Amino acid sequence: MKHVVLAHEVDWHTWRSETRLCLHEQIAPDAIQWRVRETEDDFDKLGESSERISSKNTTSEEKISLPRINLPRALMQDLMILLQSYDPDRFSLAYRLVYRSLYEGLTRQDINDSDRVLLKEHVQDVLQETYSFRKIFSEFVASRERQKLPYENKNYIIEANASFCKARCAYLWEVQTPYRRMLWNGTKLFFGPGERQSPHVTAQQWQADGEGIWREGFYPHQVLLPSRERVKEAETLPELAAAAMDCRACELCGPAFRTVFGVGQAFSPIMFVGEQPGDQEDRAGVPFVGPAGQLLDQALNEAGIIRAENYVTNAVKHFRFILKNGRRLHQKPEERHITACSPWLEAERRLVKPKVIVMLGATAAHSLFKRFVIISRERSRTLLIENDVKGVVTVHPSYLLRLPDERAKQQEYERFVSDLALARSLVEL
Ligand code: URA
Ligand code: SF4
């Protein structure tokens, strides 16, 4: 009997390299025992033979000479999800599925095969929990009442959601589950023992991502591509924001850090729509926090509008930029980006149900009216967007920042404030 000890519950790296090794030696599935190590020195307990199997150094050396296993992509993806299942036999099942695919010709067409049935059930269960966890995390971020989120996990899903959680909230947060704690300090991710093992965590117990048992940084990472139905059927703004984190509908998702979703509550009276997040917004994950945002805040104050009581978002949710001398320079989004991103804005409108929409600049107006809009022609008057939703078009605060002439700047700023005041008066009608 071979014993394989995995470093943690979702140790994809060791599982995969051990699987390669065992397949190479043609070891039958029922001749291997898989388990997760329990303590720091657990690796040594089983003696030499297991150490050879479980030590990452040995396997990474062997990996070089071992032939790669060619498995269908869909099976690999399912196996990564399976590893997050609560089932203690998941590693065995995963190995059996690979072994049987290679040596017995098992395929996804064998829908009644008991291993395939089990795989399907576990995958569905993990994905369902992933959706619901993301919704809970997103609500936790939107409420901003606490920094720690206690979460009673069923499956081992926390690590696979690390990228999601980092994208959804750039500021400090901690997720506490019975089996694991996960902490983001604003710069780096850490994992610690769960509440079941340790009621409190000491500094030594935290392990940074990429170090300690996490040194390969290789645990499953769950991408949940949002479907049209999910966007249309989302019932709350946090749910919608969660779905948007994995949007790949245009190429802007590549270079930026994150999707910057709108901030505010449902039934906010005014919805402010900007162009796209800038450098600082991309880092913070919040719209209008950079220089343009500060000018907007000042103008809102003067117009008697409380930002926190309204909804602030952008027509395009990813930062578009070019890199020049190490700096990320803003680039205007193109029509295809505005179009690709418009389902998100439409869904925000459906859930926020604002009375007035303020379009800050041409990109916002383009997205709402679905046509090119000349700001000087449309600004400063009441437009009808639909039934009882009014619209006000005005300039973008960045435009004010760019004006070289101080007097013109002051004049334009005053006009900007009066456009905002017009929006406020429309709410009060
Ligand atoms: N400009 C925008 O249009 N949106 C932001 O969020 C920041 C700057
Ligand atoms: Fe999706 Fe919009 Fe980002 Fe494009 S810019 S990837 S459409 S969220």
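Nothing here was measured: the structure is a model prediction, and the numbers come from that model.

The rules behind these values
- Residues numbered from 1 in each chain as written.
- Chains lettered and ligands numbered in written order.
- Predicted model: local features only at pLDDT ≥ 70, side-chain atom pairs only at ≥ 80, totals over all residues.
- Heavy atoms only, no water.
- Salt bridge = Lys/Arg side-chain N within 4 Å of Asp/Glu carboxyl O.
- Helix = DSSP H or I, 4+ residues; strand = E, 2+ residues; numbered from the N terminus.
- Buried < 20%, exposed > 50% of the residue type's maximum accessible area, 1.4 Å probe, protein only.
- Pairing = 2+ DSSP bridges.
- Axes fitted to C-alpha atoms, helices over the stretch in contact; angles between N-to-C directions.
- Near = heavy atom within 4 Å.
- Polar contact = N/O pair within 3.5 Å; in protein donor to acceptor, adjacent residues only side chain to side chain.
- Areas by Shrake-Rupley, 256 points an atom, 1.4 Å probe, with all protein chains shown as cover.
- Domains from an automatic or database assignment.
- Contact = heavy atoms within 4.5 Å.
- Expected span 1.5 Å × (residues − 1).
- Nonpolar A, V, L, I, M, F, W, Y, C, P; charged D, E, K, R; others polar.
- Phe/Tyr/Trp six-rings, centres within 6.5 Å; stacked < 30°, edge-to-face > 60°.
- Lys NZ or Arg CZ within 6 Å of the ring centre and 35° of its normal.

A. Up close: the pattern of salt bridges. Summed over all chains, the structure comprises 29 salt bridges. Of the charged contacts, one joins R283 and D279 as a salt bridge, the two residues approaching to 3.1 Å between their closest N and O atoms. Of the two residues, R283 and D279 both sit in helix 11 (residues 279–284), 4 residues apart, roughly one turn of that helix. Overall, the relative accessible area of 25% leaves D279 in the partly exposed class. Between R379 and E412 there is a salt bridge whose closest N-O contact spans 3.2 Å. Taken together, the positions of R379 in the loop between helix 15 (375–378) and strand 13 (383–386) and E412 in helix 17 (residues 406–428) put the pair 33 residues apart, joining distant regions of the chain.

B. Here's a closer look at the sheet that holds strand 12 (residues 356–360). Across the sheet, 5 strands lie side by side as 9-8-12-14-13; this open sheet has mixed pairing. Across the chains shown, the open sheet's two edge strands, defined by having one partner strand only, are strand 9 (311–314) and strand 13. Direction aside, neighbouring strands of the sheet carry axes that sit 30 degrees apart on average. Note that strand 8 (residues 270–274) and strand 9 share 4 bridges and pair parallel. Note that in strand 9 the partner of F272 across the bridge is V312.

C. Focus on the site of ligand 1. Every residue lining ligand 1 is accounted for by G274, E275, Q276, P277, G278, E281, P287, F288, N314 and H396. At 2.7 Å from an oxygen atom of ligand 1 is found a main-chain nitrogen or oxygen belonging to E275. With respect to ligand 1, the side chain of N314 contributes an N or O atom lying 2.7 Å from a nitrogen atom. Surface burial for ligand 1 is 94%, taken as the share of its 240 Å² of free accessible area covered by protein chains.

D. Fine view of the domain arrangement of the chain. Taken domain by domain, the chain comprises domain 1 (2–123), domain 2 (135–214) and domain 3 (228–428). Taking only C-alpha atoms into account, the centre of domain 1 sits 48 Å from that of domain 3.

E. Region of interest: the sheet that holds strand 4 (residues 173–176). Pairing is mixed across the open sheet formed by 5 strands, whose spatial order is 3-4-5-6-7. The sheet is open, and its two borders are formed by strand 3 (148–150) and strand 7 (207–208), each paired with just one other strand. Pairing between strand 6 (residues 189–193) and strand 7: 2 bridges, direction antiparallel. Bridge assignment links F190 to a residue of strand 7, and that residue is A208. Against the sheet, helix 7 (residues 114–143) touches strand 3 and strand 4, its axis set at about 145 degrees to strand 3.

F. Highlighting helix 7. The end-to-end C-alpha distance of helix 7 is 44 Å, a good match for the 44 Å that 30 residues give at a rise of 1.5 Å each. The residue sitting at the N-terminus of helix 7 and contributing the capping side-chain oxygen is D113; that oxygen lies 3.0 Å from the backbone nitrogen of D115. A positive phi of about 50 degrees marks R144, the residue just after helix 7.

G. How the structure looks around the site of ligand 2. In the region of ligand 2, the neighbouring residues are C247, A249, C250, C253, V316, K317, H318, A340, C341 and W344. Here the shell around ligand 2 is built from residues that sort into 8 nonpolar, 1 polar and 1 charged.

H. Main features of the packing of aromatic side chains. In the structure shown here, the tally under the stated rule is 16 aromatic pairs. Arranged with centres 5.6 Å apart and planes meeting at 85 degrees, the rings of F191 and Y219 form a pair that is edge-to-face. Taken as a pair, F191 in strand 6 and Y219 in the loop between strand 7 and helix 9 (228–233) lie far apart in primary sequence, 28 residues in all. Of the two residues examined, F191 and Y219, each falls in the buried class. Grouped by ring-pair contacts, the aromatic residues W12, W15, W34, Y95, Y99 and Y103 constitute a single cluster. The ring centre of Y131 lies 3.5 Å from the NZ or CZ of R230, which sits over that ring. Over the face of the ring belonging to F321 we find R328, whose NZ or CZ atom lies 4.8 Å from the ring centre.

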